[in-house]
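This is what each chain is made of:
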Amino acid sequence: MSSFLRPLAYRHRWIYDTVTAVSSLSVGGVEKLRGLGLDALKSRLEPGTAVLDLCCGSGEAAAPWLAAGFEVTGLDISEHALDLAAKRHPALKRVEGLAEDPPLNDHQFSAVQLSVALHEFPRPERAQVLSSIRRLLKPGGWLVIVDLHPAGPWLQLPQQLFCALFETDTAIAMLQDDLVAELQALGFTSVGQELLAGDALQRITAQTPENNTPQHQP
Ligand SMILES: C[S@@+](CC[C@H](N)C(=O)[O-])C[C@H]1O[C@@H](n2cnc3c(N)ncnc32)[C@H](O)[C@@H]1O
């Protein structure tokens with residue numbers, strides 16, 4: 001369930017961009033929010049390697065990776081968002097598809113980014129998305145997730161309001177779950193979590209084992 005504002009924000013990009021601008025103030029602005037994935041991983045990756053921005057939307061969080069010289073593929077289910085990405089970030093390779101079953105080869109990427117997107121998935125689909133990421137990553141490849149986390153006392157109310165207006169029940173469910181434990185259960189290693197923006201946001205990094213074998217969905 002979500003309010004009427006959510007579809008409106010996806011249809012009219014200026015609403016989406018304004019909401020993002022306001023909610024990113026807690027991390028220091030939109031640029032900072034968009035760069036959180038790259039900042040976490042750039043020192044761990046060879047320059048120019050292949051990176052996937054899963055659920056890339058209009059490509060705003062892929063842009064810092066492109067600017068840093070990585071070869072970036074963006075996957076999204078929305079043709080409308082990918083059309084916008086083509087206009088805003090022409091260097092982004094675009095793939096239309098489902099994050100639960102991406103039409104991409106095994107072991108293709110050195111890193112996968114999921115920027116404010118994992119909360120869009122119900123629990124079973126979330127597990128599918130994370131398993132797909134393991135399949136797509138090279139052995140020793142990195143995942144970075146930036147997403148909601150239960151806010152501390154100062155931002156609890158604004159977070160509840162934001163979720164009520166713009167998010168679905170899947171976001172509320174994810175706020176109750178331990179993503180670190182979930183990643184560990186799926187076989188990711190070196191799982192690290194950092195809390196940002198008064199705890200309202202989490203940045204998680206995790207690695208695939210050196211003997212990463214593809215884990216296909218049944
Ligand atoms: C909140 S937006 C985040 C966009 C982008 N990652 C960013 O940081 O600006 C979530 C995106 O997930 C995409 N999405 C939702 N469900 C999806 C699915 N099953 N497969 C692929 N993309 C999906 C939506 O189309 C939307 O572009």
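The model shown is predicted, which means the values in this text are computed figures rather than measured ones.

Asks: Just checking my understanding: could you explain helix α7 (residues 123–136) for this structure?
Replies: At 3.6 residues per turn, the α-helix brings residues three or four places apart onto the same side. In a regular helix each residue adds 1.5 Å, so 14 residues correspond to 20 Å; α7 covers 20 Å between its end C-alpha atoms and thus fits that length. All buried positions along α7 are accounted for by Arg-126, Val-129, Leu-130, Ser-132, Ile-133, Arg-134, Arg-135 and Leu-136.

Asks: How should I be thinking about the site of the ligand in this particular structure?
Replies: Close to the ligand lie 16 residues; Cys-55, Gly-57, Ile-77, Ala-99 and Ser-115 are nearest. Its residues assigned to classes, the shell around the ligand shows nine nonpolar, three polar and four charged.

Asks: Mind showing me how you'd approach unusual backbone geometry here?
Replies: Glycine aside, the phi torsion of most residues is negative, and most peptide linkages are trans. Notably, Cys-55 is not glycine yet its phi reads approximately 60 degrees, a positive angle. Of the residues examined, Cys-55 has 22 C-beta atoms within 10 Å and is grouped as buried. In the Ramachandran plot, Ala-197 falls in the positive-phi region, its phi being about 50 degrees despite a non-glycine side chain. By the secondary structure assignment, Ala-197 is in the loop between β6 (189–196) and β7 (201–207).

The rules we used
Residues numbered from 1 in each chain as written. Predicted model: local features only at pLDDT ≥ 70, side-chain atom pairs only at ≥ 80, totals over all residues. Helix = DSSP H or I, 4+ residues; strand = E, 2+ residues; numbered from the N terminus. Expected span 1.5 Å × (residues − 1). Buried ≥ 20, exposed ≤ 12 C-beta atoms within 10 Å, placed from the backbone. Near = placed C-beta within 6 Å. Nonpolar A, V, L, I, M, F, W, Y, C, P; charged D, E, K, R; others polar.

Interpretation in functional terms is not warranted from these geometric data alone.
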